[in-house]
Amino acid sequence: MGAIEKQINRFCWKHPNFGIPHLINYILIGNIIVFVLDMVSNGAATGLFSLDFGAAVLNFQFWRLLTFIFVPNSSKPFWFVVSLFFYYFLGNTMEQEWGTAKFSLFYLVGIILTYFASIVTYFWTGGGVFMTLSAVHDTLFLAFATLFPEEWIRIYFLIPVKAKWLALFYVFIEVWDIISINRILLPFLLPILLPPLVASWLNYMMFFWSDLKEIIGRSFRRAKHQNSKQTINFKKATRAYQERDTAHPQKPGKSYQEKGYIHKCAVCGKTDTDFPDMVFRYCSKCNGYYCYCEEHINNHEHVQ
């Protein structure tokens, strides 16, 4: 997967003019047209334009290979308008960050993988199942959350939530929808739900394999560091140090009460009040919670 990502980046670097500028705008305009046609045809447009391998290839309805790109995710007017604004923001932001070539390639690969998903679904179910580009749109949000994890997204235009938490919630919901299927319905629903989901996530991983490895590796390193015996819980150490100062005011406690410092070097007596720009740390090799300034954290006799 890493080799594929390198080839994608190399292709985009060699062909910067590849793709369609503002691609997401054209897709959303197509969504509006199909939505309006659905309103006047009682949903017939979606049935006519959605991707169905049997109808598209075996019945020579080749227009479905293109028109399914423009089928909207929602048939409800309110949610359709919300999705328009949402994907307009995501698409244009991602294109500015990636460039037209890579953004267009992301959708092109997603379309091709959706074709394969449609074929798998057709032969798995033994019949035709309508398919749209909604799964690729969903992974566009995963792509956005990977590049901008700290970006605030307002749910219902009101509730602010960071993109990374929404992405994790989306992944949880998608997985839960699969594993919570009733065993009786599993043979019927799994061939419909699983292929497009796997295709969209595979598309995402092809573009973000190195990012996923870094995120997973960083999480393991953080967990290993936090569980290490040499790692000091900074908040706990600070609280214990303050309690010790209060219990023994003849040492640094009086200064703490009067001056309000939190950290004091056990060697030189410098405090974070007197030196606010100085870094203070607790030594994991000393027997107890002993604080040291940046000058003495690596230059002191360990208390045993």
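Refer to the structure above for everything that follows.
A quick note: this is a predicted structure, and the numbers were derived from the prediction, not measured.

1. Looking at a nonpolar patch on the surface
On the surface, a cluster of nonpolar side chains totalling about 870 Å² of accessible area is made up of I20, Y26, I29, I32, I33, V36, L37, M39 and V40. Positionally, I33 belongs in helix α2 (residues 23–41).

2. Re the environment of I4
Its place among the elements puts I4 in helix α1 (residues 2–14). On the basis of relative accessibility, which here comes to 37%, the residue I4 falls in the partly exposed class. Each C-alpha atom, one on I4 and one on W209, is 9.0 Å from the other, the two residues being 205 residues apart in sequence.

3. Considerations on the side chain of T146
Within the element layout of this structure, T146 appears in helix α8 (residues 134–147). Judged by its relative accessible area of 18%, T146 is buried. For T146, the contacting residues outside a window of four places in its chain are Y204, F208, D211 and I215.

4. Looking at the environment of W98
Checked against the element boundaries, W98 lands in helix α6 (residues 77–98). For W98, a relative accessible area of 16% translates into the label buried. Between the alpha carbons of W98 and C12 there is a distance of 9.4 Å; along the sequence they are 86 residues apart. Excluding anything up to four places from it in sequence, W98 contacts F103, F106, A143, L147, F207 and F208.

5. Overview of helix α9 (residues 163–179)
Relative to the 24 Å expected for 17 residues at 1.5 Å per residue, α9 spans 24 Å between its end C-alpha atoms, a close match to the ideal helical length. Within the span of α9, buried status applies to A163, L166, A167, Y170, E174 and I178. End-on view of α9: buried residues confined to an arc of 115 degrees, all on one side of the axis. Looking at α9, the residues exposed on the side facing more than 90 degrees away from the buried face are L168, F169 and I179.

Thresholds applied
Residues numbered from 1 in each chain as written. Predicted model: local features only at pLDDT ≥ 70, side-chain atom pairs only at ≥ 80, totals over all residues. Heavy atoms only, no water. Patch = residues over 30% accessible without salt bridge, like charges linked within 9 Å, V, L, I, M, F, W, Y side chains within 5 Å. Areas by Shrake-Rupley, 256 points an atom, 1.4 Å probe, with all protein chains shown as cover. Salt bridge = Lys/Arg side-chain N within 4 Å of Asp/Glu carboxyl O. Helix = DSSP H or I, 4+ residues; strand = E, 2+ residues; numbered from the N terminus. Buried < 20%, exposed > 50% of the residue type's maximum accessible area, 1.4 Å probe, protein only. Contact = heavy atoms within 4.5 Å. Expected span 1.5 Å × (residues − 1). Arc of directions from axis to C-beta.

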